Amino acid sequence: MNARAPFAAASSHTPQNSEELPGEARQGIPMVELENISVSFRSPDGKLVQAVRDVSLQIASGEIFGIIGRSGAGKSTLVRTLNLLARPEKGHVSINGQNLLSLGENELRHARREIGMVFQHFNLLSSRTVFENVAFPLELAGHDKAYIAREVGQLLDLVGLHEQAWRYPHQLSGGQKQRVGIARALASKPKVLLSDEATSALDPETTRNILDLLRRINRELGLTIVLITHEMQVVKQICDRIAVMDSGRIVESGKVIDVFRAPQTAITRTMIGEVIAHELPSSVLTRIQRRRLARGNTAGPECLLRLSFAGDDVDRPLLSEAVKRYGLDFNILHGQIDEIQGQAFASLTLLAHAGEEALQGAKEFLRNHDVSIEELNHVV
Ligand SMILES: Nc1ncnc2c1ncn2[C@@H]1O[C@H](COP(=O)(O)OP(=O)(O)OP(=O)(O)O)[C@@H](O)[C@H]1O
Ligand SMILES: [Mg+2]
């Protein structure tokens, strides 16, 4: 077979002009809707494991929605309910307004084509070339050779694997294998792409490249992406909104920037701490503790505060304004500025020296200017 043949008919991949636009969604209807989903398993020793507990969530068309949590939190099980690979014993699953639990076997098979999936370990067929792996779902769906050649050619262009079409999986790097996995998942023109730890087996630079690719696909094809990860770094790079799972439940959810600014739960704070270093050097904490003990175990005029602010607030002189207005003295113990979804995000840990009145005034002033403030006196 001529290695170039499949690409002869391939034009640039422009599915946004296609009639079968992947992200085509019914107006006003969430792309994904879960209502009161519970899933449990019977463990080998007969015990009941509640993997997902009463989860409800909505994901809009075109969103990149992250599900984050520790190992065993129930993330994979929850996401597998979206194509009914895991059947909830209770609740409601809708994709683009279609109630999956009401479908017969044939209809469900058809509905599943609209939900692509990529996996941590790629799950490629080792005896098939890159081209043949991507072609596989199209062959199963009964498409003719010319259609398959055209579609696969476009998909390989999209993921940047044009040159590797005739290689076998063992001849590819991890990042290239994942690009094949992504192209294969897109072959049936899904409306939703599920990604279960798709970058967990990759190094940081390859992870960034794959996440950039997913972002580009999301924008160019309007595809809704549900992305499972245990890394806040991944969430920070591409998600629009996230849900944090713990012990089968969603413990908090919201826009990424809002969750970073004001995490509501200890688990989220810990996970954010892994990317936005909040930890103070122990020698600094020890000195603060000593002074506190010398005062009879009271904080006195010293108050440890963490300020988080985002967007335009980052370059406004809010702190110096608070100093001038309220006579606040402080030292910066830790500071970091970062970017989340194109928005600047700053986190500052201050040791403030002030009387109660000045401190309250300054805190109120800052909060009124959208700075979120967390008191950290409990950590010393
Ligand atoms: N097929 C199964 N049979 C029995 N128990 C299961 C099964 N699948 C998942 N579980 C259990 O359900 C819970 C949630 O598992 P799940 O795989 O959804 O977690 P996860 O958040 O994806 O974890 P990880 O980050 O390690 O992939 C765990 O306690 C797990 O042991
Ligand atoms: Mg998992």
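Residues numbered from 1 in each chain as written. Chains lettered and ligands numbered in written order. Predicted model: local features only at pLDDT ≥ 70, side-chain atom pairs only at ≥ 80, totals over all residues. Heavy atoms only, no water.

Q: Which residues make up the layout of surface pockets, and what values do they have?
A: Volume-wise, the largest pocket comes out at about 660 Å³. Arg112, Arg113, Ile115, Pro137 and Ser188 are, among the 18 residues lining the largest pocket, the residues nearest its centre. Those elements that place two or more of their residues in the lining of the largest pocket are helix H2 (105–112), strand S6 (115–119), helix H3 (130–140) and helix H5 (174–186). (1 Å grid on protein atoms, 1.4 Å probe; cavity = no way out; pocket = protein on both sides within 12 Å on 5 of 7 lines; lining within 4 Å. Points joined across faces, edges and corners; volume = space filled by probe spheres on them. Helix = DSSP H or I, 4+ residues; strand = E, 2+ residues; numbered from the N terminus.)

Q: Before we move on, can you summarise the nonpolar core with the specific residues and values?
A: In a soluble, globular protein the nonpolar side chains are often hidden away together inside. Of all hydrophobic cores here, the largest spans 55 residues; its most connected members are Leu156, Ile182, Leu214 and Ile242. Among the domains, domain 1 (18–272) and domain 2 (283–379) are the pair contributing at least three residues each to this core. Counting residues in each nonpolar core, the second largest holds 31 residues, with Val79, Leu100, Val226 and Met245 among its members. (Core = buried A, V, L, I, M, F, W, Y, C linked by side-chain atoms within 4.5 Å. Buried < 20%, exposed > 50% of the residue type's maximum accessible area, 1.4 Å probe, protein only. Domains from an automatic or database assignment.)

Q: Can you break down the site of ligand 1 residue by residue, with the values?
A: Residues in contact with ligand 1, as listed here, are Phe41, Val49, Ala51, Arg70, Ser71, Gly72, Ala73, Gly74, Lys75, Ser76 and Thr77. Here an oxygen atom of ligand 1 and a backbone polar atom of Ala73 are 3.1 Å apart. A distance of 3.0 Å separates an oxygen atom of ligand 1 from a polar backbone atom of Gly74. Out of a free accessible area of 640 Å², ligand 1 has 59% covered by protein chains. Where the shell around ligand 1 is concerned, the elements lending two or more residues are strand S2 (48–59) and helix H1 (75–80). Looking at the shell around ligand 1, the element that brings in the most residues is H1, giving 3 residues. The residue inventory of the shell around ligand 1, partitioned by class, reads 4 nonpolar, 5 polar and 2 charged. (Near = heavy atom within 4 Å. Polar contact = N/O pair within 3.5 Å; in protein donor to acceptor, adjacent residues only side chain to side chain. Areas by Shrake-Rupley, 256 points an atom, 1.4 Å probe, with all protein chains shown as cover. Nonpolar A, V, L, I, M, F, W, Y, C, P; charged D, E, K, R; others polar.)

Q: Go over the pairing of strand S10 (residues 249–255) with me, naming the residues and quoting the values.
A: Where strand S9 (residues 241–246) and S10 come together, 6 bridges link them in antiparallel fashion. Note that in S10 the partner of Arg241 across the bridge is Lys255. If you look at the hairpin formed by S9 and S10, you'll find 2 residues sitting between the two strands, and Ser247 has a positive phi there, around 50 degrees. (Pairing = 2+ DSSP bridges.)

Q: Any chance you could break down the packing of aromatic side chains for me, citing the residues and the numbers?
A: For the structure on display, the rule yields 3 aromatic pairs. Relative to Phe345, the ring of Phe260 lies with its centre 6.0 Å away and its plane at 85 degrees, an arrangement referred to as edge-to-face. Note that Phe260 is positioned in helix H8 (residues 256–261) and Phe345 in strand S13 (residues 343–353), a separation of 85 residues in sequence. Judged by its relative accessible area of 2%, Phe345 is buried. Centroid distance Tyr326 to Phe365: 6.2 Å. Interplanar angle 50 degrees. Geometry classified as tilted. Remark: Phe365 occurs in helix H12 (residues 356–368) and Tyr326 occurs in helix H11 (residues 318–326); sequence separation between them is 39 residues. (Phe/Tyr/Trp six-rings, centres within 6.5 Å; stacked < 30°, edge-to-face > 60°.)

Q: I'd like to hear about the domain arrangement of the chain, residue by residue, with values.
A: Annotation of the chain at the domain level lists domain 1 (18–272) and domain 2 (283–379). A separation of 40 Å is found between the C-alpha centroids of domain 1 and domain 2. Facing the 12 residues of domain 1 at the interface are 15 residues of domain 2. Buried surface at the junction of domain 1 and domain 2, summed over both partners, amounts to about 940 Å²; 52% is from carbon and sulfur atoms. (Contact = heavy atoms within 4.5 Å. Buried area = accessible area lost by both parts, 1.4 Å probe.)

Q: Mind laying out the sheet that holds strand S7 (residues 192–196), listing which residues take part and the relevant values?
A: Within a beta sheet, neighbouring strands are joined by backbone hydrogen bonds and run either parallel or antiparallel to one another. Strand order in this open sheet of 6 strands is S6-S7-S8-S3-S9-S10, and the pairing throughout is mixed. The two strands at the open ends of the sheet, each matched to only one other strand, are S6 and S10. Strand-to-strand twist of the sheet, defined as the mean angle between neighbouring strand axes without regard to direction, takes the value 15 degrees. Its contacts with the sheet place helix H6 (residues 204–221) against strand S3 (64–69), S7 and strand S8 (224–229), and it is angled at close to 155 degrees to S8. (Axes fitted to C-alpha atoms, helices over the stretch in contact; angles between N-to-C directions.)

Q: Describe in detail helix H10 (residues 282–294), supporting the description with residues and values.
A: Compared with the 18 Å implied by 1.5 Å per residue over 13 residues, the 18 Å span of H10 between its first and last C-alpha is a close match. For H10, the set of buried residues is Val284, Leu285, Ile288 and Arg292. Buried residues of H10, viewed axially, fall in a sector of 95 degrees; they line one side. Turned more than 90 degrees off the buried face of H10, the exposed positions are Ser282, Arg290, Leu293 and Ala294. Along its buried surface, H10 packs onto strand S11 (302–310), strand S12 (329–340) and S13. Looking one or two residues beyond H10, the residue adopting positive phi is Gly296, at roughly 85 degrees. (Expected span 1.5 Å × (residues − 1). Arc of directions from axis to C-beta.)

Q: Run through empty space enclosed by the protein, naming residues and quoting values.
A: Per the counting criterion, the structure on display carries 4 cavities of 30 Å³ or more. Its boundaries defined by the atoms lining it, the second largest cavity holds a volume of some 40 Å³. Ser195, Glu197, Ala198, Thr199, Leu211, Leu214, Leu227, Ile228, Thr229 and Val234 are the residues that line the second largest cavity. Breaking the lining of the second largest cavity down by element, the ones donating at least two residues are H6 and S8. Across the lining of the second largest cavity, the residue classes tally to 6 nonpolar, 3 polar and 1 charged.

Q: Pulling in residues and values, what's your account of a nonpolar patch on the surface?
A: A cluster of nonpolar side chains, namely Leu125, Phe136 and Leu140, defines an oily patch on the protein surface of about 270 Å² accessible area. Secondary-structure assignment places Phe136 in helix H3. (Patch = residues over 30% accessible without salt bridge, like charges linked within 9 Å, V, L, I, M, F, W, Y side chains within 5 Å. Salt bridge = Lys/Arg side-chain N within 4 Å of Asp/Glu carboxyl O.)

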